Amino acid sequence: MSKELDQTDRQIVEILESDGRTRLSDIGKAVGLTGPAVGERLRSLQHHGFIAGFGAQVDLRRFGYTIQALVRIKPRSGQLHIVERMIEEQPRFSSCDRVTGDDCYVARLLLKDVAELDDILLPFHDRAETNTSIVKSFVFEPRLPPLD
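Let us look at the structure shown here. Please read these numbers as outputs of a predicted model, since none were measured by experiment.

**Section: the packing of helix α1 (residues 7-18) against helix α2 (residues 24-31)**
Alright, step 1. At a minimum axis distance of 10 Å, the contact between α1 and α2 shows a crossing angle of 135°. Between α1 and α2, the angle falls in the class oblique. By crossing handedness, the relation of α1 to α2 is classed as right-handed. Across from Thr-8, Gln-11, Ile-12, Ile-15 and Leu-16 in α1, the residues of α2 making contact are Ile-27, Ala-30 and Val-31.
Alright, step 2. For the contact of α1 with α2, the per-class residue count stands at six nonpolar, two polar and no charged.

Now the structure itself:
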């Protein structure tokens, strides 16, 4: 049940990635299809897993999360699964990647104040080494690679 993407499918995905609320008729005008034809393509793209879902881009600063930190986490011997569970259960971690190299995890932490850092990371210190970098600014937000 595989599907090959054509140029029109790619254009539709790129339009929606930049603005998920774009009307089907507007997408259709941009790609040379009718609104209903775009709707059919969207259903197919979802059915085949190219589009996983639709959501809102939230401005975290408006909710008070003005600081982000990258935390590299290296569990102590025998603590890998416990540390992973601790990361999953701490809601201030917005994402976490399992990585190669000296550290096992790189996680993004959301903070309202830098003083919260110790309270959030203190429970990890018996089970892991952490190394934290405060994010000063974003060079660019997450984006799609070329789809061709």
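**A word on the environment of Ser-137**
Alright, step 1. Within the secondary structure layout, Ser-137 lies in the segment after β4 (128-134).
Alright, step 2. A relative accessible area of 56% means that Ser-137 is categorised as exposed.
Alright, step 3. Taking the C-alpha atoms as reference points, Ser-137 and Pro-91, 46 residues apart in sequence, are found 22 Å from one another.

**Some words on the environment of Cys-96**
Alright, step 1. Here Cys-96 shows up in strand β2 (residues 93-98).
Alright, step 2. Each C-alpha atom of the pair Cys-96 and His-81 lies 14 Å from the other, and the pair is 15 residues apart in sequence.
Alright, step 3. Contacts of Cys-96, omitting those with residues within four sequence positions, involve Ile-87, Tyr-105, Val-106 and Ala-107.

The rules behind each value
- Residues numbered from 1 in each chain as written.
- Predicted model: local features only at pLDDT ≥ 70, side-chain atom pairs only at ≥ 80, totals over all residues.
- Heavy atoms only, no water.
- Axes fitted to C-alpha atoms, helices over the stretch in contact; angles between N-to-C directions.
- Helix = DSSP H or I, 4+ residues; strand = E, 2+ residues; numbered from the N terminus.
- Parallel < 35°, antiparallel > 145°, perpendicular 65-115°, else oblique.
- Left-handed = near helix turned anticlockwise from the far one by under 90°.
- Contact = heavy atoms within 4.5 Å.
- Nonpolar A, V, L, I, M, F, W, Y, C, P; charged D, E, K, R; others polar.
- Buried < 20%, exposed > 50% of the residue type's maximum accessible area, 1.4 Å probe, protein only.

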